[in-house]
Amino acid sequence: MNETTKANLLGLTQPQLESFFESIGEKRFRAGQVMKWIHHFGVDDFDAMSNIGKALREKLKACAEIRGPEVVSQDISGDGTRKWVVRVTSGSCVETVYIPQAGRGTLCVSSQAGCSLDCSFCSTGKQGFNSDLTAAEIIGQVWIANKSFGTVPGKIDRAITNVVMMGMGEPLMNFDNAVAAMQIMMDDLGYGISKRKVTLSTSGVAPMIDELGKIIDVSLALSLHAPNDELRNRLVPINRKYPLAQVLDACRRYISRLGEKRVLTVEYTLLKDVNDQPEHAAQMVELLRDVPCKINLIPFNPFPLSGYERPSNNAIRRFQDLLHKAGHNVTVRTTRGEDIDAACGQLVGQVMDRTRRSERYIAVRRIGDEAAPSSGAADRT
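Just so it is clear, the structure is predicted and the values come from calculations on it, not from any experiment.

J.: Explain the packing of aromatic side chains here, please?
T.: To describe a pair of aromatic rings, one takes the distance between the centres and the angle between the planes. One pass over the full model with this rule turns up five aromatic pairs. Ring plane angle 55° and centroid distance 4.7 Å describe the contact between Tyr-98 and Phe-149, whose orientation is recorded as tilted. Of this pair, Tyr-98 sits in strand E5 (residues 93-101) while Phe-149 sits in the loop between helix H5 (135-148) and strand E9 (162-165); the two residues are 51 residues apart in sequence, bridging distant segments of the chain. Taking the relative accessible area as the measure of exposure, Tyr-98 reaches 8% and is therefore buried.

J.: Mind showing me how you'd approach helix H2 (residues 30-40) here?
T.: Residue pairs three or four apart in sequence face the same way in an α-helix, which turns once every 3.6 residues. Counting buried positions along H2 yields 10 of 11 residues, so the element is predominantly enclosed. Within the sequence span of H2, burial applies to Arg-30, Ala-31, Gly-32, Gln-33, Val-34, Met-35, Trp-37, Ile-38, His-39 and His-40. Packing partners of the buried residues in H2 comprise helix H1 (14-23), helix H3 (54-63), H5 and helix H6 (175-186). Immediately beyond the C-terminal end of H2, within one or two residues, lies Gly-42, with a positive phi of roughly 70°.

J.: Even after reading the chapter, I still don't get the packing of H5 against H6, so can you show me in this structure?
T.: Two quantities define a packed helix pair, namely the angle between the helix axes and the distance between the axes. The N-to-C vectors of H5 and H6 enclose an angle of 35°; their axes lie 8 Å apart at closest approach. Here H5 and H6 pass one another in a crossing that is right-handed. From H5, Ala-135, Ile-138, Ile-139 and Val-142 reach across to H6, where they touch Asn-177, Ala-178, Ala-180, Ala-181, Ile-184 and Met-185. Here the contact of H5 with H6 is composed, by residue class, of nine nonpolar, one polar and no charged.

J.: I would appreciate a short explanation of the sheet that holds strand E12 (residues 264-270) in the present structure.
T.: Hydrogen bonds between backbone atoms are what pair the strands of a sheet, whose relative direction is either parallel or antiparallel. On the basis of which strands lie adjacent, the open sheet formed by 10 strands has the order E3-E4-E5-E6-E9-E10-E11-E12-E13-E14 and mixed pairing. The sheet terminates laterally at strand E3 (70-76) and strand E14 (330-332), the two strands that pair on one side only. Taking each pair of neighbouring strands and ignoring which way they run, the sheet shows an average axis angle of 20°. Two strands pair when backbone bridges link them, and strand E11 (residues 219-223) and E12 are joined in this way by three bridges, in the parallel orientation. Within the sheet, the bridge partner assigned to Ala-221 lies in E12 and is Thr-265. With respect to the sheet, H5 is in contact with E3, strand E4 (82-87), E5, strand E6 (104-108) and E9, its orientation differing from that of E4 by roughly 130°.

J.: What should I look at first to understand the pairing of E9 in this one?
T.: For a regular strand, the rule is simple: side chains alternate between the two faces of the sheet. Every second residue of E9 is oriented toward a common face, with Asn-162 and Val-164 on one face and Val-163 and Met-165 on the other, all of them buried. Sheet topology places E6 next to E9; three bridges connect them, and they run parallel. Within the sheet, the bridge partner assigned to Cys-108 lies in E9 and is Val-164. Both E9 and strand E10 (residues 198-202) contribute to a ladder of three bridges, which runs parallel. Of the residues in E10, the one forming a bridge with Val-163 is Val-198. In this view, the connection linking E9 to its parallel neighbour E10 by way of H6 has right-handed handedness.

J.: How should the environment of Ser-219 be read in this particular structure?
T.: Here Ser-219 is to be found in strand E11. For Ser-219, a relative accessible area of 14% gives the class buried. Between the C-alpha atoms of Ser-219 and Val-164, which are 55 residues apart in sequence, the distance is 9.1 Å. Apart from residues no more than four positions distant in its own chain, Ser-219 is found in contact with Lys-195, Arg-196, Val-198, Thr-199, Leu-200 and Arg-262.

J.: Which parts of the structure should I look at to understand the environment of Glu-211?
T.: Here Glu-211 shows up in helix H7 (residues 206-215). A relative accessible area of 30% places Glu-211 in the partly exposed class. For the pair Glu-211 and Phe-175, spaced 36 residues apart in sequence, the C-alpha to C-alpha distance is 9.1 Å.

J.: I tried to follow the pairing of strand E13 (residues 293-299) on my own but got confused; where do I start?
T.: Most of E13 is tucked away, with six of its seven residues classed as buried. Two elements, E12 and E13, share seven bridges in a ladder whose sense is parallel. Within E13, the residue paired with Leu-270 across the bridge is Pro-299. Viewed along the sheet, the connection from E12 through helix H10 (residues 278-287) into E13 turns out right-handed.

J.: Could you clarify how one ought to interpret the confidence of the model for the protein chain in this entry?
T.: Atomic detail in the predicted coordinates should be set aside for any region of low pLDDT. Averaged over all residues, the pLDDT of the protein chain is 87; the fraction at 70 or higher stands at 83%. Every residue in residues 345-351 is under pLDDT 50, and counting partners more than four places away or in other chains gives 38 contacts.

Cut-offs applied
- Sequence order sets the numbering: in each chain, residues are counted from 1 along the sequence as written.
- pLDDT decides what is reported in this predicted model: residues at 70 or higher carry local features, side-chain atom pairs at 80 or more are listed and counted, and totals for whole chains, interfaces and linings draw on all residues regardless.
- The basis for every side-chain value is the complete set of non-hydrogen atoms in the structure, without hydrogens or water.
- Classification of ring pairs rests on two measures: the distance between centres of Phe, Tyr or Trp rings, Trp counted by its six-membered ring, which must be within 6.5 Å, and the angle between planes, read as stacked under 30 degrees, edge-to-face over 60 and tilted in between.
- Helix numbering and strand numbering both begin at the N terminus, where a helix is a DSSP run of H or I of at least 4 residues and a strand a DSSP run of E of at least 2.
- We call a residue buried when its accessible area falls under 20% of the maximum for its residue type, exposed when it is over 50%, and partly exposed in between, using a 1.4 Å probe and counting protein chains only.
- Contact definition: two residues touch when any of their heavy atoms are within 4.5 Å.
- In this analysis, axes come from line fits to C-alpha atoms, helices being fitted only over the stretch in contact, and the angle between any two N-to-C directions falls in the range 0 to 180 degrees.
- Two helices crossing with the near one rotated counterclockwise from the far one by less than a right angle form a left-handed crossing, whereas a clockwise rotation gives a right-handed crossing.
- Note that Gly is not counted as nonpolar here; it falls among the polar residues with everything else outside the nonpolar set of Ala, Val, Leu, Ile, Met, Phe, Trp, Tyr, Cys and Pro and the charged set of Asp, Glu, Lys and Arg.
- DSSP-based pairing: two strands are paired if at least 2 bridges between them are found.
- By convention a crossover is right-handed if, when the strands point away from the viewer, the path from the first strand over the helix to the second runs clockwise.
- The predictor attaches a confidence to each residue, called pLDDT, with possible values from 0 through 100.

What follows is the structure, encoded as structure tokens:
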């Protein structure tokens, strides 16, 4: 095989790696040995694999490689948040964010270069869309972050305890690669992360939520952002194809398969004078009445030309209190990494946009700002 046809072992699940070894005339147990070297020790050099014979190492060098995305930059926020910018095969750059908290370290992983959807308040969507990431490029973000902390097997206080598929892109629109990467995250030969601590976040691709439930049992988060179809159609355009009733039915089915008292996480970005009013809280209470869930309120993180503003702290607390009084478990997400543009909704990377969406978006926003410089956010949604 030549260089361009080498198999990248980084993105192969255990069954896929076993099949690969069989295909080159080797025993299946070699898969476990190599997975440990790749994911436990961060090794990308076959010569470093000391429990594998020289003949096999030479064979692997000829037909395989262990290649993660190229790290373009790493920034560390004053609050300890880290952000990596990595370049993928398409030439685009995507972003990965690590958020440290007491007793927990959460890695936010991207699944697409840009996003195939276009939620109106998300800077990632405004970058347009270039490509799906491969499984190697998705799990490669975990691999890179894990190596940066020097994590080794058996270390109790692992830096990365949780992974959320909440970075750039809609993971259910890159289904096979996202699932393969999550399977490696949970595999004891990979990163051994609990199924409760791997979370996939979706904007509501209803049919694929059902497909997900047939294959894997990771935690599920729904990017809701509006309590009624009319408003959600404007904020989350995929709602026009899969309206709230259809999406929530799929979420109920998924959660019911999990058992173990697991619940749906509902993500709700609060936008000043758009979806943060008492009537919206009341509608949300009614919408989620029979959905086992916890609610995560996310104050909007501004980005250039967004047309939206962050609600006041009083408005955020009022919204939270109304949901609390109705019996919901509600938290307000603390903004982290804002000084390095790593806060929720701010991930942009450098997307070689195939859709020209970013170009159109900037032109429209500039025209709107020139025509009505004093109009409020609610008039520009």
